[in-house]
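Breakdown of the fold
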Amino acid sequence: MNTATRKYIELDERYGAHNYHPLPVVLERGKGVFVWDVEGRRYFDMLSSYSALNQGHGHPRIVAAAKKQVGKLALTSRAFHNTLMGAFLKRICELTGQDMALPMNSGAEAVETAIKAMRQWGYLRKGIAANRAEIIVCRGNFHGRTTTIVGFSSDPDSSGNFGPATPGFVTVNYGSLEDLEAAITANTCGFLVEPIQGEAGVLVPPEGYLAKARQLCADRKVLFCADEIQTGLGRTGRLFAVDHEAVKPDLIILGKALSGGLYPISAVAASSEVLGLFRPGTHGSTFGGNPLASAIGLAALDVIVREKLPANAAKQGEYFRRRLKEMRHPLVVDIRGKGLLTGLEFRIPTRPLCEKLMERGVLAKDSHEMTIRFAPPLTITRSQLDSALRAIRTALS
Ligand SMILES: *Cc1c(COP(=O)(O)O)cnc(C)c1O
């Protein structure tokens, strides 16, 4: 670590709250699948900012859209209309097959929006008595960091000192249909689920789980809400991870790659039966749906579709896991995932391994102590993947 690197890290540690434990690398430039640190070293970005960079760093089409809009009109608030929000939301609806979308900024805000939408539907459409609505969530979930969301997290670090928890959430085991069925009551308005649990260590549920859970929800008049903030927009080899089981959720939550990493953009898309219940004054966001975000979001979606990123994720992801398996590493207990979302689970804590990977020019992070998540930009080519695999093999040997 040279003095420049040390200087930046010291500044962060002195003035920033220590709510993260980053690897000791200071990045200053990015292009496609690569980032460069302040010492001029190049790395493969195999985290992609938790899948916000599916389109790669600084994608020229998205950057051009941002540059074009930023000096023209960036923010209107929702007190007025703008020329871009409608087109952006229309595109989200076309791609998700939903009727309407509600734009927010961070992923957690979109999750909060979905929670409000499901509760509101529960009261106005299902006839649940005031303040009795329940939402079923899964053990090991990660849906963001707001007070309500951490209140139903099963990770003690997330929820520990931040109580009291918001009532109205019931936790079931991820992947268990029996649990889900048993948890549904007359007061259940929704089931909130990640198609693959990314933060919990890239946990893939049993095949058929999502389709059957979706059917169960329909039968019992419960809204099925997929949090696709991390798994959506091509990451798992389909446009949405629910597509693997031909599931159309009642609500779908998007974020992260919805901007290609240039801006915080999130949205909830759903039927008009659900989102149509919001009235002026019942929900909002100063920045949600602003023209700059809408221009960036439109370009970000366009890149995913035009460049067929889901298909590339499917192809390269399968190859990547096959090559990882061929390594037959003695400390590896499991290799799992879909598309370019891969979890490599070890017998040992993986932080030191991530530091070794960093020394070899590969940036990846532990997701849950014993698992390394590999999630490169979906633009990655076979030869780039081969070169990353060589570095991974050297680092882990
Ligand atoms: C990242 C993430 C969120 C939260 O998004 P933020 O933009 O960090 O608020 C919610 N759900 C899932 C599945 C995520 O991966």
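Residues numbered from 1 in each chain as written. Predicted model: local features only at pLDDT ≥ 70, side-chain atom pairs only at ≥ 80, totals over all residues. Heavy atoms only, no water.

What follows concerns the domain arrangement of the protein chain. With domains assigned, the protein chain is organised as domain 1 (3–55 + 308–396) and domain 2 (61–306). One C-alpha centre belongs to domain 1, the other to domain 2, and the line joining them spans 26 Å. Buried surface at the junction of domain 1 and domain 2, both sides included, amounts to about 2,200 Å², of which 56% is carbon and sulfur. On the domain 1 side of the contact with domain 2, Q55, K338 and L341 bury the most area, a combined 29% of that side's loss. For the pair domain 1 and domain 2, the number of links is 1 salt bridge. Two residues, R373 and E199, come together in a salt bridge whose shortest N-O distance is 2.6 Å. Here domain 1 and domain 2 share 20 residue pairs in polar contact (both at pLDDT 80 or more) between them. If you list the elements that add at least two residues to the side of domain 1 that touches domain 2, you get α2 (48–51), α12 (309–326), β11 (332–338), β12 (341–346) and β15 (371–374). (Domains from an automatic or database assignment. Buried area = accessible area lost by both parts, 1.4 Å probe. Salt bridge = Lys/Arg side-chain N within 4 Å of Asp/Glu carboxyl O. Polar contact = N/O pair within 3.5 Å; in protein donor to acceptor, adjacent residues only side chain to side chain. Helix = DSSP H or I, 4+ residues; strand = E, 2+ residues; numbered from the N terminus.)

Turning to the environment of K221, a few remarks are in order. Relative to the helices and strands, K221 resides in the loop between α9 (209–219) and β8 (223–227). A residue is classified by how much of its surface remains accessible, and K221, at 42% relative accessible area, is partly exposed. If near-sequence neighbours (up to four positions away) are discounted, K221 is found in contact with W121, R125, K126 and T188. (Buried < 20%, exposed > 50% of the residue type's maximum accessible area, 1.4 Å probe, protein only. Contact = heavy atoms within 4.5 Å.)

Attention shifts here to the environment of A87. Within the fold, A87 resides in helix α4 (residues 85–96). Taking relative accessible area as the criterion, A87 reaches 37% and is therefore assigned partly exposed. Taking the C-alpha atoms as reference points, A87 and D227, separated by 140 residues in sequence, lie 23 Å from one another.

A separate point is the side chain of D37. By secondary structure assignment, the location of D37 is in strand β2 (residues 34–37). By relative accessible area, which is 3% here, D37 ends up buried. Of the polar contacts made by the side chain of D37, one reaches the side chain of Y43; its length is 2.7 Å. Those residues in contact with D37, other than ones at most four positions away along the chain, are V25, V26, L27, E28 and Y43.

All right, on to the layout of surface pockets then. In this structure, the second largest pocket encloses a volume near 440 Å³. Along the walls of the second largest pocket sit 20 residues, with R78, A101, L102, P103 and F278 positioned nearest its centre. Mapped by element, the contributors of at least two residues to the lining of the second largest pocket are α4 and β4 (100–104). The element best represented in the lining of the second largest pocket is β4, accounting for 5 residues. Residues of the lining of the second largest pocket, tallied by class, amount to 10 nonpolar, 7 polar and 3 charged. (1 Å grid on protein atoms, 1.4 Å probe; cavity = no way out; pocket = protein on both sides within 12 Å on 5 of 7 lines; lining within 4 Å. Points joined across faces, edges and corners; volume = space filled by probe spheres on them. Nonpolar A, V, L, I, M, F, W, Y, C, P; charged D, E, K, R; others polar.)

Right, let's talk about the nonpolar core for a bit. By size, the foremost hydrophobic cluster in this structure holds 85 residues, and its most contacted members are M46, I92, F191, F224, L258, F374 and I392. Top element by residues in this core is helix α11 (residues 291–306). It accounts for 8 residues. I115, M118, C225 and L277 belong to the second-largest nonpolar core, a separate cluster that totals 30 residues. (Core = buried A, V, L, I, M, F, W, Y, C linked by side-chain atoms within 4.5 Å.)

Attention shifts here to the packing of aromatic side chains. Given two aromatic rings, their pairing is described by the distance between the two centres and the angle made by the two planes. For the structure on display, the rule yields 6 aromatic pairs. With a centroid separation of 4.8 Å and an interplanar angle of 50°, the aromatic rings of F34 and F44 are classed as tilted. Of this pair, F34 sits in strand β2 while F44 is found in strand β3 (residues 42–45), placing the two residues 10 residues apart along the sequence. For F44, a relative accessible area of 6% translates into the label buried. Note on F191 and F224: the rings are 6.0 Å apart at their centroids and 65° apart in plane angle, and the pair reads as edge-to-face. Of this pair, F191 sits in strand β7 (residues 188–193) while F224 sits in strand β8, and the two are 33 residues apart along the sequence. (Phe/Tyr/Trp six-rings, centres within 6.5 Å; stacked < 30°, edge-to-face > 60°.)

So, on to the site of the ligand. Taken together, S106, G107, A108, F142, H143, G144, E194, D227, I229, Q230 and K256 make up all the residues around the ligand. A distance of 2.8 Å separates an oxygen atom of the ligand from a polar backbone atom of A108. In the environment of the ligand, a nitrogen atom lies 3.4 Å from a nitrogen or oxygen atom belonging to the backbone of F142. Surface burial for the ligand is 81%, taken as the share of its 380 Å² of free accessible area covered by protein chains. When the residues that make up the shell around the ligand are grouped by side-chain class, the tally is 3 nonpolar, 5 polar and 3 charged. (Near = heavy atom within 4 Å. Areas by Shrake-Rupley, 256 points an atom, 1.4 Å probe, with all protein chains shown as cover.)

A word on the sheet that holds strand β14 (residues 365–366). If you walk across this open sheet you meet the 4 strands as β11-β12-β15-β14, and the pairing is antiparallel. Each of the sheet's edge strands pairs with one partner strand only, and the pair in question is β11 and β14. Pairing of β11 with β12, which is carried by 6 bridges, proceeds in the antiparallel orientation. Pairing of D334 across the sheet is with E345, part of β12. Of the strands in this sheet, β11, β12 and β15 are in contact with α12, which crosses β11 at around 170°. Contacting β12, β14 and β15, helix α13 (residues 351–359) crosses the sheet at an angle of about 40° to β15. (Pairing = 2+ DSSP bridges. Axes fitted to C-alpha atoms, helices over the stretch in contact; angles between N-to-C directions.)

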